[in-house]
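As a plain string of letters, each chain reads:
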Amino acid sequence: MEGRATRIVLAVWVVGVLMFLFIPIATIVIFAFDRSNVQSWPIRHFTTHWFSVAWHDPEVRTSLVLSLKAGLAATVLALLLGSAAAFAVHRFRFFGREAISLLLVLPLALPGIVTGIALQSFFSYNKVNLSLVTIVIGHTTFCIVVIYNNVLARLRRTSGSLQEASADLGASGFQTFRYITLPTLSTAIIAGALLAFALSFDEVIVTTFTAGAQNTLPLWILGAIRVGHQLPEVNAVVVFVLALTTIPVAISVRLTGGGGITRSSVRHTPGDS
Amino acid sequence: MTIETARAGRAGPRAARISAALWRRPWLRGALTLSPALAWFLVIYLASLVVMLVTAFWSVDPFTNNLQHQLTLANFRQVFTPTYEHIIWRTVLLAALVTLTDAVLALPFAYFMARVASHRVRNLLFMGVLLPLWASYLARVYAWIVILTKGGTLNWAFRHVGLPEPNIGYTSTAMWLVFSYIWLPFMIIPVYTALERIPDSLIEASSDLGARNSRTLRGIVLPLALPGVVAGSIFTFSLTLGDFITPLLIGGTNSSLIGNVIYDNIGTANNLPFAAALAIIPIVIMTVYLLTARAFGAFEAM
Amino acid sequence: MHRPHPRVRGIGAVAIVVAALALLVAGCGSSSKSSNTTGSTSKSGSGTSGLVPPTHGMAVPQSVGKGEGSLNLIAWEGYTLPDWVKPFEQQSGCTVHAKFAGTSSEMVSLMANGGGGQYDMVSASGDADLRLIYGGDVRPVNIDLIPAWKDFHPFLQNPSFNTIDGVHYGVSLQFGPNVLLYSTAALPAAPTSWSTIYSSQYSGKVSVPNNPIQIADAALYLSKTQPNLGITDPYELTQSQFDAAVNLLKQQKPLIKKYWNLASEEESLFQNREVVVGAAWPLQTGDLKKAGFPAADTIPSEGATGWADSWLLATKAPHPNCAYLWMQYISTPKPQAQQALSFGETPANSKACDVMNTLEKGGCARLHADKPDAYFQTIQFWKTPLAQCGNGNSDCVPFQKWVNAWTQITG
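The sections below set out a description of the structure shown in this document. Values in this document were obtained by computation on a predicted structure and should not be read as measured data. (Residues numbered from 1 in each chain as written. Chains lettered and ligands numbered in written order. Predicted model: local features only at pLDDT ≥ 70, side-chain atom pairs only at ≥ 80, totals over all residues. Heavy atoms only, no water.)

1. Focus: the overall build of chain B
Of regular secondary structure, chain B possesses 15 helices and two strands. For 302 residues, the compact-globule estimate of 2.2 N^0.38 gives 19 Å, and the C-alpha radius of gyration of chain B, at 25 Å, exceeds that figure by more than 25%. Its C-alpha atoms put chain B at 75 × 60 × 35 Å along the principal axes. The 302 residues of chain B split such that 60% are buried. Of the contacts formed within chain B by residues at least 6 apart in sequence, a portion of 67% connects residues at least 24 apart. Surface exposure of chain B reaches about 11,900 Å², of which carbon and sulfur atoms provide 69%. (Helix = DSSP H or I, 4+ residues; strand = E, 2+ residues; numbered from the N terminus. Rg over C-alpha atoms; globule rule 2.2 N^0.38 Å. Buried < 20%, exposed > 50% of the residue type's maximum accessible area, 1.4 Å probe, protein only. Contact = heavy atoms within 4.5 Å. Areas by Shrake-Rupley, 256 points an atom, 1.4 Å probe, with all protein chains shown as cover.)

Right under this line is the structure:
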């Protein structure tokens, strides 16, 4: 449909946006090699010293481990609760259904600081000490939303006739769920889980209010920026994380085929869903 | 996997009975699947929001920071004074500007990804959009400080080509730029989802009926992309509305947003009731925004 | 039968739930007591005379047991540098985790509920100490378990900000001034007056802390330049004195490039040549010099505000033994000297002076550790502005109004 000129203009635009997205990333990577703690341009001395500092820093390790723990726990809980909720909203009509779908969007739609201070005052009101548990509670709340949205979107796009056919052929509810429903949802679940984990891993605002004396990786980064003595170390840590996550992100993109069902396989037109 | 093996497989008689019972009572199935999530939300999330709401009507002893549980409207009276009103206004305008910027940046990008790019290029572009989300938000904001500050890369680049140095570090321009940057992936993804769902047949029908490309764009593509834009705008708007870290790091004077004032009143002033009263403003704004967005069908596009 | 529109029905459901929860909370709330009601009556607004700290009767240990292996501190940036923390960790086995706070109020906030069972100690300044003590968030300390205390300067052994009625709630640490920091490249001669940051001489190149307590610095300046206002104590301001200080700060705002929130922020601003002069802690000067940047600081003729810090023990400290080991360690001459030189403050331990001179020639005199008594008198230390003025009146402006005014100034 698009003419050649349009394609070229679009391609240029895409390159521009990509550059916009990646110039700060490139800055982070370059400045990880800056020997000086003063981050100004141009860099006079390059070194890999900070990578070794980051590797051996025990605070980095503990905070990384804590972030991973919190992320995994939040994602698993969110998977269980969020997909169940998506099922319920998709399949059943009940009192307050509209309200539930509105409610389940709130944690992402309301600013993080609101969620943060609400949870913090809730915990202090109930004399609950801040700890990994409260961090996980905070993260799960918005992770549920991500999973819920992804699963619900996929459920809306798949036809229910497959489940009916399975039941007609004699499968029990569990069997239908296990052999028919789950595989259709798998990529949505994986994509949702990865996005939820990413949000939890990088979350700083809600975590500031729900963490006790522990540091997740973003909290450690915030502390390091406050002290300001080892800024290139922060960059080195981020480079590590980026390098580690390139693979899972690539896999997830592969699995979901860049967003799920491709144009050619969509069998319904907008208007029914 | 044949039907025989499926039937002969795991399902025992007891499982079959439970399954049948659930089948006959859809409300039970619904309740079981929904209740854990609902319980979580009601007991923890909604309850904590309500607690905060009620706190907004309380006050705090200035010396010991203990909450005084007498109802008062003093906090709200203070919120609606010029000091805070102009900060609220500034935040809303900035959020709107950022949303607009991101929508403009995202639409052609998402269009290319969804309709022009080959499968492999699309996957690469998708990775390109997701990967920055894994580089810490704090590190990315800090990188912008390094780029925009007086001794930074932007000034250096301008100086090298002989242009005057823009010096936009610690200004509102810097805040707009950084916010647009950070939330861009959250706009691209829903817009892409919306555009990707437009069947080829619709576009072909439009051109069969004689419409030129620009007409098809205006009449078919943009209206169908709109729910995606609105869905993305929920994120960009609300994330800007509540952020206090970016203004803290890269803002100058005249950069305080609602998030900063809320944060200051929690941290500096230990005045939770006043902070809660302030926090109700973004809640109200976002609730109105959400209800409007739902009318646009944004919830299906997320 | 007419079925209500689903959207309306749904919102009705939410409204019912919210209303029910709100009633529940409000109902519970109004009948429950807040957690620390003793000592926090508001009849006198909060003058401390006649009030008893809620934790004053708590038992103190008679000996220090084995360290629990971990110590959680709330500290100012620069108070937990590896130079003196690493030796402590090695000899005590307590790994130190520090959470940083930028203002005293942040510290009070973090220490809510006795430290929440999370934090062991807090390096609180004078304006936070009393709020913590009377809020019941810190507990008494057995000063006999801290041998180095006997070597403290007498005026820091039982100061009113951490010792009430003979009960110690922690140990004095160090004290220091808020200084005028300047780039020696831009200002070859040391400025002699705070007017440097209030006049348009360096417009657009000034930075001051983003902290409402700065109003006291403005008041201090006015107490010398406009004596007709009658300001004697920069923290006890009548409404007219307060308004004058606020006006001065509003006039200052166009001169400011950025109000700094983090110490490292101000250092960045100087290093990137965004600002050339500003209000700072001596920490920033030291850091800039170490980074090779030409900077210096001074206390102008109008005087300085400052802080007097103590390490206080949290009521619900999870690692009390490590906390005592820390207090013992940080009070000894060597860490006192190291921290003093690094941050630019004056130590509590009188024996630190000699160590400072071995670490840096003339270091002791530079930081007035040889005549700390006289130096102490010249600094107007942070204290919580209350409605009670010292002179018996009750019309001074309380801190909550300071915060609102600060938002008005900087917003």
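2. Let's talk about the interface of chain B and chain A
Opposite the 104 residues of chain B that make contact, chain A presents 101 residues. Overall, the association of chain B and chain A removes approximately 9,900 Å² of surface from exposure, summing both partners, and the carbon and sulfur fraction of that is 77%. Sorting the residues of chain B by area buried against chain A places B:W40, B:Y45 and B:W134 first, and these three jointly supply 9% of that buried surface. Summed over the shared surface of chain B and chain A, the result is one salt bridge. B:R140 is the partner of A:D202 in a salt bridge, and the nearest nitrogen-oxygen pair spans 4.0 Å. The tally of links between chain B and chain A comes to five residue pairs in polar contact (both at pLDDT 80 or more). For the side of chain B that touches chain A, the per-class residue count stands at 76 nonpolar, 16 polar and twelve charged. (Buried area = accessible area lost by both parts, 1.4 Å probe. Salt bridge = Lys/Arg side-chain N within 4 Å of Asp/Glu carboxyl O. Polar contact = N/O pair within 3.5 Å; in protein donor to acceptor, adjacent residues only side chain to side chain. Nonpolar A, V, L, I, M, F, W, Y, C, P; charged D, E, K, R; others polar.)

3. So, the environment of C:P188
Residues and elements named next belong to chain C. Along the polypeptide, P188 turns up in the loop between strand 7 (179-183) and helix 5 (195-198). A relative accessible area of 73% means that P188 is categorised as exposed. On a C-alpha basis, the gap between P188 and A296 in space is 9.9 Å, while along the polypeptide they are 108 residues apart.

4. A closer look at the packing of aromatic side chains
For the structure shown, the criterion picks out 40 aromatic pairs over all chains. Measuring from ring centre to ring centre gives 6.3 Å for C:F155 and C:F175, while their planes differ by 65°; the resulting arrangement is edge-to-face. Taken together, the residues C:F155 in the loop between helix 4 (126-134) and strand 4 (163-164) and C:F175 in strand 6 (residues 170-177) connect sequence positions 20 residues apart. On the basis of relative accessibility, which here comes to 0%, the residue C:F175 falls in the buried class. Seen from the ring of A:W55, A:R61 lies directly overhead, with NZ or CZ sitting 5.5 Å from the centre. (Phe/Tyr/Trp six-rings, centres within 6.5 Å; stacked < 30°, edge-to-face > 60°. Lys NZ or Arg CZ within 6 Å of the ring centre and 35° of its normal.)

5. Brief notes about the sheet that holds strand 10 (residues 295-298) of chain C
The strands that make up a sheet are held in pairs by hydrogen bonds between backbone atoms, and each pair lies either parallel or antiparallel. Residue and element names in this part refer to chain C. Pairing within the open sheet is mixed, and its four strands lie in the order 8-9-7-10. Strands with a single pairing partner mark the edges of an open sheet, and in this sheet they are strand 8 (206-207) and strand 10. Sheet topology places strand 8 next to strand 9 (residues 277-280); two bridges connect them, and they run parallel. Bridge pairing in strand 9 links V206 to V277. Along the sheet, helix 8 (residues 263-271) makes contact with strand 7, strand 8 and strand 9, crossing strand 9 at roughly 165°. (Pairing = 2+ DSSP bridges. Axes fitted to C-alpha atoms, helices over the stretch in contact; angles between N-to-C directions.)

6. Overview of the nonpolar core
One finds A:I113 and B:L195 to be the most contacted residues of the largest nonpolar core, which totals 193 residues. Looking at this core element by element, the count peaks at 17 residues for helix 5 (residues 82-116) of chain B. Beyond its immediate chain neighbours, meaning those up to four positions away, B:L195 contacts B:L107, B:A110, B:Y111, B:A114, B:R115, B:V221 and B:A225. Residues C:L51, C:V122, C:Y198 and C:I215 belong to the second largest nonpolar core, which totals 105 residues. (Core = buried A, V, L, I, M, F, W, Y, C linked by side-chain atoms within 4.5 Å.)

7. With respect to the pattern of salt bridges
As enumerated under the stated definition, the model contains twelve salt bridges over all chains in all. As a salt-bridge pair, C:K383 and C:D233 come within 2.5 Å of each other at their nearest N and O atoms. With C:K383 in the loop between strand 13 (379-381) and helix 15 (399-410) and C:D233 in the loop between helix 6 (214-225) and helix 7 (239-252), the pair connects residues that are 150 residues apart, well separated along the chain. Judged by relative accessible area, C:K383 falls into the partly exposed class, the value being 31%. Put simply, A:R226, C:E77 and C:E106 are held in one network by salt bridges that share partners.

8. Let's talk about the state of the cysteines
Residue and element names in this part refer to chain C. Scanning the model with the defined rule gives three disulfides over all chains in all. The side chain of C94 participates in a disulfide bridge whose partner is C322; the two sulfur atoms lie 2.0 Å from each other. Looking down the S-S bond of the C94 and C322 bridge, the torsion is -90°, so its handedness is left-handed. Note that C94 is positioned in the loop between helix 2 (82-92) and strand 2 (95-100) and C322 in helix 10 (residues 320-330), a separation of 228 residues in sequence. One exposure class covers both C94 and C322, and it is buried. (Disulfide = S-S within 2.5 Å.)

9. Observations regarding the packing of helix 1 (residues 4-31) of chain A against helix 6 (residues 119-130) of chain B
Two elements in contact, helix 1 of chain A and helix 6 of chain B, have axes separated by 10 Å at closest approach and are oriented at 35°. In the packing of helix 1 of chain A onto helix 6 of chain B, the handedness of the crossing is left-handed. For the pair helix 1 of chain A and helix 6 of chain B, contact is made by A:V14, A:L18, A:L21 and A:F22 and by B:L125, B:G128 and B:V129, respectively. (Left-handed = near helix turned anticlockwise from the far one by under 90°.)

10. Observations concerning helix 6 (residues 112-125) of chain A
Residues and elements named next belong to chain A. In this model, helix 6 (14 residues) spans 20 Å end to end at C-alpha, consistent with the 20 Å of a helix rising 1.5 Å per residue. Summarising burial for helix 6: ten of the 14 residues are buried, a large majority. Taken together, the buried positions of helix 6 are I113, V114, T115, G116, I117, A118, L119, S121, F122 and F123. Looking one or two residues past helix 6, K127 carries a phi angle of roughly 50°, positive in sign. (Expected span 1.5 Å × (residues − 1).)

11. Considering the pairing of strand 2 of chain C
Residues and elements named next belong to chain C. For strand 1 (residues 70-75) and strand 2, the ladder comprises six bridges, and the chain directions are parallel. Across the sheet, the residue bridging to L71 is V96, located in strand 2. Handedness of the crossover is the feature at issue here: the chain leaves strand 1, passes through helix 2, returns alongside strand 2, and the resulting connection is right-handed. (Right-handed = clockwise from strand over helix to strand, strands pointing away.)

12. A closer look at unusual backbone geometry
Residue and element names in this part refer to chain C. With phi around 60°, R273 is a residue other than glycine that occupies positive phi space. Mapped onto the secondary structure, R273 falls in the loop between helix 8 and strand 9. Unusually for a residue other than glycine, H368 sits at a positive phi of about 60°. Along the chain, the position of H368 falls in the loop between helix 13 (363-366) and helix 14 (372-378).

As far as function goes, none of this settles anything; it's purely spatial.
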